[in-house]
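Here is how the chains run, residue by residue.
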Amino acid sequence: MLRIAVMVSGGGTNLQAIIDGVKDGTITNTEIVGVISNNRNAYALKRAEENGIPSLCVSPKDYETREIFNEKLLEAVDGLQPDLIVLAGFLVVIPPAMIQKYRNRMINIHPSLIPSFCGKGYYGLKVHEAALERGVKVVGATVHFVDEGTDTGPIILQKAVEVEQGDTPEILQRRVMEQAEWKILPRAIDLIANGRVRVEGNKTVID
Ligand code: GRF
């Protein structure tokens, strides 16, 4: 049984997709052992509570220095003894020690087809604003392993989504969530839970 810890900062619709996936069998061999947020007001925490999933808030605001926060965050994660960490809209920089400790055991969902519209400054609506500004006809989402870079780890799954005439960033964001994020994140977890993802260099092989 794959023990997963989900890290969130906002509304938690990706967390909800994971919760639903475990319930309806889309995600097999997996247990959500906890949800951690940096934001005590994150609706994602309420979603965890409503589903009987242990949750906790570890906020940088509660600690004097970033170093102390980083230690406390890693302590909280380790305390859940996860096999896999899932970053589902987690907006805090992951401590280097955590990236090393959970190399190829920490994944992230990014709302673009990496390497487009990713890296520093590309998060949330900004990703979709940039896509509309550039006038691309296809966008999408990517699940990847987390390494020391920003959105640079080995790609696991991607799914394309059409841009439609008249799209606003909000409309496009929602379509990317519905048609891509909420499908490939649960799928990636299920693949990992069944030992079907191997990392070879900076790429993955799906068996
Ligand atoms: C999603 O758009 C995800 O791609 C990005 O942050 C957002 C999180 O949304 N990483 P939610 O909290 O899962 O609703």
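Everything in this summary refers to the structure shown in the same document.

Conventions adopted
- Residues numbered from 1 in each chain as written.
- Predicted model: local features only at pLDDT ≥ 70, side-chain atom pairs only at ≥ 80, totals over all residues.
- Heavy atoms only, no water.
- Helix = DSSP H or I, 4+ residues; strand = E, 2+ residues; numbered from the N terminus.
- Buried < 20%, exposed > 50% of the residue type's maximum accessible area, 1.4 Å probe, protein only.
- Pairing = 2+ DSSP bridges.
- Right-handed = clockwise from strand over helix to strand, strands pointing away.
- Salt bridge = Lys/Arg side-chain N within 4 Å of Asp/Glu carboxyl O.
- Phe/Tyr/Trp six-rings, centres within 6.5 Å; stacked < 30°, edge-to-face > 60°.

Mapped onto the fold, Glu-31 is located in strand 2 (residues 30-37). The partly exposed category is assigned to Glu-31, whose relative accessible area is 37%. Put simply, Glu-31 and Ile-107 are 76 residues apart on the chain and 16 Å apart in space, counted from C-alpha to C-alpha.

Moving on, we come to the pairing of strand 1 (residues 2-8). Extensive coverage of strand 1 is indicated by the burial of 6 of its 7 residues. In this sheet, strand 2 lies alongside strand 1 in parallel orientation, the contact comprising 7 bridges. Pairing of Ile-4 across the sheet is with Ile-32, part of strand 2. With respect to chirality, the unit in which strand 1 leads through helix 1 (residues 13-24) into the neighbouring parallel strand 2 is right-handed. Sheet topology note: the strand 1/strand 4 (residues 84-87) ladder contains 4 bridges and is parallel.

Let's shift gears to the pattern of salt bridges. Applying the stated criterion across every chain yields a total of 9 salt bridges. One salt bridge in this structure joins Arg-175 and Asp-167, with 2.7 Å as the shortest N-O distance. Residue classification places Asp-167 among the buried residues on the basis of a relative accessible area of 13%. Here Arg-174 makes a salt bridge to Glu-178, at a shortest N to O gap of 3.0 Å. You can see Arg-174 and its partner Glu-178 sitting in helix 6 (residues 169-193), 4 residues apart, about one turn around the helix.

Here we take up the packing of aromatic side chains. Throughout the structure, instances matching the rule amount to 2 aromatic pairs. Look at Tyr-63 and Phe-69: their rings are 6.4 Å apart centre to centre, the planes differ by 45 degrees, and that puts the pair in the tilted class. Classification of Tyr-63 by relative accessible area gives partly exposed; the value is 27%. Looking at Phe-69, the relative accessible area reads 0%, which means it is buried.

It is worth stressing that arrangement in space is one thing and function is another; only the former is reported here.
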